[in-house]
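Analysis of the macromolecular model
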Amino acid sequence: MSAELKNTDASAEREMTDGFHLIIDALKMNGVETIYGVPGIPITDFGRMAQAEGIRVLSFRHEQNAGYAASIAGYLTKKPGICLTVSAPGFLNGLTALAHATTNCFPMILISGSSEREVVDLQQGDYEEMDQLAIAKPLCKAAYRVLHAADIGIGIARAIRAAVSGRPGGVYLDLPAKLFGQVMDAEAGRKSLVKVIDAAPAQIPSPNSIKRALEVLRNAKKPLIILGKGASYAQADDDIKALVEKTGVPFLPMSMGKGLLPDTHPQCAGAARSTVLAQADVVMLIGARLNWLLSHGKGKTWGTDPKKFIHIDIEPKEMDSNVEIAAPVVGDIGSCVAALLAGLGKDFPQPPAEWITTVTSKRDENVAKMAPRLMNNNNPMDYHGALGVLRTIVKERPDAILVNEGANALDLTRGIIDMYQPRKRIDVGTWGVMGIGMGYAVGAAIETGKPVLCIEGDSAFGFSGMEIETICRYRLPVCVVIFNNDGIYRGTDVNKAGTDPATTVFVKGARYDKMIEAFGGVGVNATTPDELKRAVNAAMDSGKPTLINAVLDPAAGSESGRIGNLNPQSALKKK
Ligand SMILES: Cc1ncc(C[n+]2csc(CCOP(=O)(O)OP(=O)(O)O)c2C)c(N)n1
Ligand SMILES: [Mg+2]
């Protein structure tokens, strides 16, 4: 045999790999266990192979919901949630969730197949042609494209590090169709993979910033701590609790900060929100931004007395974003809180008793005012009657995850239902976006293994309602309660032109519970708080996918819930 022939034989026997397998190997090497997506060209086989290789691949009915599932997976686990989409339209459907992840600082990677670069770039009209990388860029933290199989390892490593390090966010990874089929030597392929070491390195705050912050806090007469979802994300629960309790400062949880310390904690000022925001003189923000949700730190909400802010955040650019920050503390929340705790010493002064009395008496007064409304047995139900029973159910099942969206259905649930454990309340987030519901429910059930209770406005539910098939298909322990008041905010609007229905109303008396029956789930129509209680308890006990149509008085809600003031007004009289 000639030497040349031998060589050919040897290379034919060489072990080879391809793009499909390199992507799977790279994800597995970096601990990715679950992918949320929708199959199609060019990623169908990839999904099959990933599933065969032991990655859990969950198929949704719409990419946006898969994306929301991935985003909340990132929030709950501190590892990037992975969403997988097809080119152009699938990619665009997933993009809203990627932007949502970035806005909310959740680590997520949107991996999308894309069409042939040569054709796309010459705009020759390829199947699902789109310059996806360019479109994704302004909507996420980082965007990468991999063209060669040998770069898959690096590409995935970069995406993972970009998503979780510093302030977490969404990352786009573009994988053109041709990449999946590219073949290379298996040994070289193995060597090209990258395991990301210390993907989110601790960012230690400067000692001076800690000293300054403690000095400001020490001199406060009316201090307040605000806990944002960044504090929940940090998983520094014990230290945060210790900081709050050792300083004795009243705390106000933001929506997804609820449960870091129980809402029933003696220092919780949740029910005295207006009082503490208006009257506090020093406000320590932990993983909470001074955005619209906190009225930008100024104006009527914040009262007339001067404030000093201590701001703890991983992102230096967040400081002074809306008002002057007297004591910026830049670092990861865990490291910052640990440093503050260490600096407290033994004799850190407690807040003046007068301030504590002001806060607790206001809180107790508001709680007492609310109590009888929560026990009402009105028929048709109103929000308070329905939430009264759900509040007890959550108290009895503190480890269940609560998903919540809507307008009144959101604001009233947030105010009424106490949370007892960190990261149990997940909701519309920074944008107040409708549509997170069923995606979050799937993501939360898969990532935590805990039962999920969704409290959904009837409009809110509609944005992701088809995923109840997904919930039934994977047999997830999800109970969806729809607060059905026949529409957006309320079901009573009338179109003055008398033709079509008003823009905010839906089919009267709709039976959402029938929808889930089509997929083998349990549907219940509940017209009283008692019926609602029985149905939710049964669902939570059985773990069976359940959808409860809670019939509410169509007149029960108010325009835009608690944020009606944000609707633009004209000086001219409304027609
Ligand atoms: C993606 C998106 N589209 C539209 C809106 C505007 N919006 C805010 S709340 C809401 C629905 C409120 O109705 P519902 O969910 O039934 O809650 P209710 O107040 O009736 O309890 C809508 C459409 C939004 N926030 N997000
Ligand atoms: Mg409604």
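Details of the structure are given in the entry above.
Residues numbered from 1 in each chain as written. Chains lettered and ligands numbered in written order. Predicted model: local features only at pLDDT ≥ 70, side-chain atom pairs only at ≥ 80, totals over all residues. Heavy atoms only, no water.

**Quick look at the site of ligand 1**
The cut-off we apply is this: Nearness of a residue to a molecule or strand requires only that one of the residue's heavy atoms be within 4 Å of it. Counting from the N terminus, the helices are DSSP H or I runs at least four residues long and the strands are E runs at least two residues long. Following the grouping adopted for this structure description, the nonpolar residues are Ala, Val, Leu, Ile, Met, Phe, Trp, Tyr, Cys and Pro, the charged ones are Asp, Glu, Lys and Arg, and the polar ones are all others, Gly among them.
In the region of ligand 1, 17 residues are neighbours, and Tyr 383, Asn 408, Gly 432, Asp 458 and Ala 460 sit closest. Listing elements by their share of the shell around ligand 1, those giving two or more residues are helix H18 (408-416) and helix H20 (458-462). Among the residues making up the shell around ligand 1, the classes are represented as nine nonpolar, seven polar and one charged.

**Brief notes about the environment of Lys 241**
For Lys 241, the position within the fold is in helix H13 (residues 237-247). When the C-alpha atoms of Lys 241 and Gly 90 are compared, they prove to be 42 Å apart, with 151 residues separating the residues in sequence.

**Focus on the side chain of Ser 464**
Inclusion rule: The contact rule is simple, with two residues in contact once any of their heavy atoms fall within 4.5 Å.
Relative to the elements of secondary structure, Ser 464 occurs in the loop between H20 and helix H21 (468-473). Those residues in contact with Ser 464, other than ones at most four positions away along the chain, are Asn 65, Glu 405, Gly 435, Gly 437 and Met 438.

**Focus: the side chain of Lys 307**
This is how it is decided: Classification of residues uses two cut-offs on accessible area relative to the type maximum, computed with a 1.4 Å probe and protein chains only: under 20% is buried, over 50% is exposed, and between them is partly exposed. Think of it this way: Lys and Arg go in the positive column, Asp and Glu in the negative one, and His and the chain ends go nowhere. Salt bridges are counted wherever a side-chain nitrogen of Lys or Arg sits within 4 Å of a carboxyl oxygen of Asp or Glu. Polar contact is defined as a pair of N or O atoms within 3.5 Å, subject to the rule that within protein one atom must be able to donate a hydrogen and the other to accept it, and that residues adjacent in sequence are counted only when both atoms are side-chain atoms.
Inspection of the secondary structure puts Lys 307 in the loop between strand S11 (282-286) and strand S12 (308-313). Salt bridges are absent for the buried Lys 307, whose nearest opposite-charge side chain, Asp 305, sits at 6.1 Å. From its side chain, Lys 307 meets the backbone oxygen of Leu 277 in a polar contact 3.0 Å long. Only 2.8 Å separates the side chain of Lys 307 from the backbone oxygen of Ala 278, close enough to count as a polar contact. Not counting chain neighbours up to four residues away, the residues in contact with Lys 307 comprise Leu 277, Ala 278, Gln 279, Ala 280, Asp 281 and Trp 302.

**Structural notes on helix H5 (residues 89-104)**
Here is the rule we go by: By this rule the span expected of a helix is its residue count minus one, scaled by 1.5 Å.
Between its terminal C-alpha atoms H5 stretches 24 Å, which fits the 22 Å expected from 16 residues at 1.5 Å a residue. Where H5 is concerned, the buried positions are Gly 90, Phe 91, Gly 94, Leu 95, Ala 97, Leu 98, Ala 99, His 100, Ala 101 and Asn 104. Among the residues trailing H5, Cys 105 stands out with phi positive, at a value near 65°.

**Regarding the environment of Leu 27**
Mapping Leu 27 onto the fold places it in helix H2 (residues 19-29). When its relative accessible area of 1% is taken as the criterion, Leu 27 is described as buried.

**Thoughts on the pattern of salt bridges**
Pairs can form between side chains of opposite charge whenever their charged atoms are close. Summed over all chains, the structure comprises 27 salt bridges. Across the salt bridge formed by Lys 178 and Glu 118, the nearest N and O atoms sit 3.3 Å from each other. Placement of the pair is Lys 178 in helix H9 (residues 177-181) and Glu 118 in helix H6 (residues 117-121), with a sequence separation of 60 residues. Using a relative accessible area of 47% as the deciding quantity, one classes Glu 118 as partly exposed. In this structure, the salt-bridge partner of Arg 397 is Asp 541, at a minimum N-O distance of 2.9 Å.

**Examining the coordination of the magnesium ion (ligand 2)**
Cut-off, in case you're wondering: Metal coordination here is assigned from N, O and S atoms located within 2.8 Å of the ion, or within 3.2 Å for Na, K and Ca; omission of water means that sites may look incomplete.
Those protein atoms acting as donors to the magnesium ion (ligand 2) are Asp 458 (OD), Asn 485 (OD1) and Gly 487 (O), and they sit at 2.0 to 2.1 Å. The sequence pattern formed by the donor residues of the magnesium ion (ligand 2) is D-x26-N-x1-G. In terms of burial, Asn 485 and Gly 487 fall into one category: buried.

**Side note on the pairing of strand S5 (residues 108-114)**
Regular strands have side chains that alternate between both faces of the sheet. The line we're drawing: Crossovers are described as right-handed under a simple rule: with the strands pointing away from the observer, the path leading from the first strand over the helix to the second runs clockwise. Strand pairing is assigned whenever DSSP identifies at least 2 bridges connecting the two strands.
Of all seven residues in S5, seven are buried, a share of seventy percent or more. Side chains of S5 alternate between two faces, with Met 108, Leu 110, Ser 112 and Ser 114 and Ile 109, Ile 111 and Gly 113 buried alike. Note that the unit made of strand S4 (residues 81-85), H5 and S5 has a crossover that is right-handed. When S5 meets strand S7 (residues 170-176), the two strands line up parallel, connected through seven bridges. Within S7, the position partnered with Met 108 by the bridge is Gly 170.

**Details of the packing of H13 against helix H15 (residues 333-344)**
The test is simple: Between N-to-C directions, angles span 0 to 180 degrees; the directions come from axes that are lines fitted to C-alpha atoms, helices contributing only their stretch in contact. The crossing is said to be left-handed when, going from far helix to near helix, the turn is anticlockwise and less than a right angle, and right-handed when the turn is clockwise.
One way to put it is that H13 packs onto H15 with a least axis distance of 9 Å and a crossing angle of 35°. Crossing geometry of H13 relative to H15 is assigned as left-handed. In this structure, H13 uses Asp 239, Ile 240, Ala 242, Leu 243, Lys 246 and Thr 247 to contact H15, whose residues at the interface are Ile 333, Val 337, Ala 338, Leu 340, Leu 341 and Leu 344. Here the residues of the contact of H13 with H15 are counted per class, giving nine nonpolar, one polar and two charged.

**A look at the packing of helix H4 (residues 63-77) against H5**
We count it as follows: Our angle categories are set so that under 35 degrees counts as roughly parallel, over 145 as roughly antiparallel, 65 to 115 as roughly perpendicular, and the remainder as oblique.
Two elements in contact, H4 and H5, have axes whose closest approach is 7 Å; the angle formed by their N-to-C orientations is 30°. By the angle class used here, H4 and H5 are roughly parallel. Here the hand of the crossing between H4 and H5 comes out right-handed. Facing H4, whose interface residues are Glu 63, Gln 64, Gly 67, Tyr 68 and Ser 71, H5 presents Gly 90, Asn 93, Gly 94, Thr 96, Ala 97, His 100 and Ala 101. Of the residues belonging to the contact of H4 with H5, the class tally is three nonpolar, eight polar and one charged.

**Here we look at the sheet that holds S11**
Hydrogen bonds along the backbone pair up the strands of a sheet, which may run parallel or antiparallel. Overall, parallel pairing links the five strands, which are arranged S10-S9-S11-S12-S13 in an open sheet. Since the sheet does not close on itself, it has two edges, and those belong to strand S10 (251-253) and strand S13 (327-330), each with one partner. When the angles between neighbouring strand axes are averaged without regard to direction, this sheet yields 15°. Examined bridge by bridge, strand S9 (residues 223-227) and S11 share five bridges and lie parallel to one another. Bridging from a neighbouring strand, Leu 227 pairs with Ile 286 of S11.

**Here we look at the nonpolar core**
The cut-off we apply is this: Put simply, a nonpolar core is a bunch of buried Ala, Val, Leu, Ile, Met, Phe, Trp, Tyr and Cys residues held in one set by side-chain atoms that sit within 4.5 Å of each other.
Counting 58 residues, the largest nonpolar core has Tyr 36, Tyr 172, Ile 426, Val 452 and Val 478 as its most contacted members. By residue number, the principal contributor to this core is H4, which donates eight residues. One finds Leu 22, Val 146, Leu 175 and Phe 180 within the second-largest nonpolar core, a separate group that totals 39 residues.

**A short note on the pairing of S11**
Here S11 lies mainly inside the structure; five of its five residues are buried. The alternating pattern of S11 places Val 282, Met 284 and Ile 286 and Val 283 and Leu 285 on opposite faces, both of which are buried.

**Description of the sheet that holds strand S19 (residues 546-551)**
Within the open sheet, the six strands sit side by side as S15-S14-S16-S17-S19-S18. Their pairing is parallel. Strands with a single pairing partner mark the edges of an open sheet, and in this sheet they are strand S15 (425-427) and strand S18 (522-526). With direction set aside, neighbouring strand axes in the sheet form an average angle of 15°. Relative to S19, S18 runs parallel, the two sharing five bridges. By the bridge assignment, Asn 525 is partnered in S19 with Asn 549. This element, H18, spans strand S14 (401-405), S15, strand S16 (452-457) and strand S17 (478-484) of the sheet and lies at about 140° to S14.

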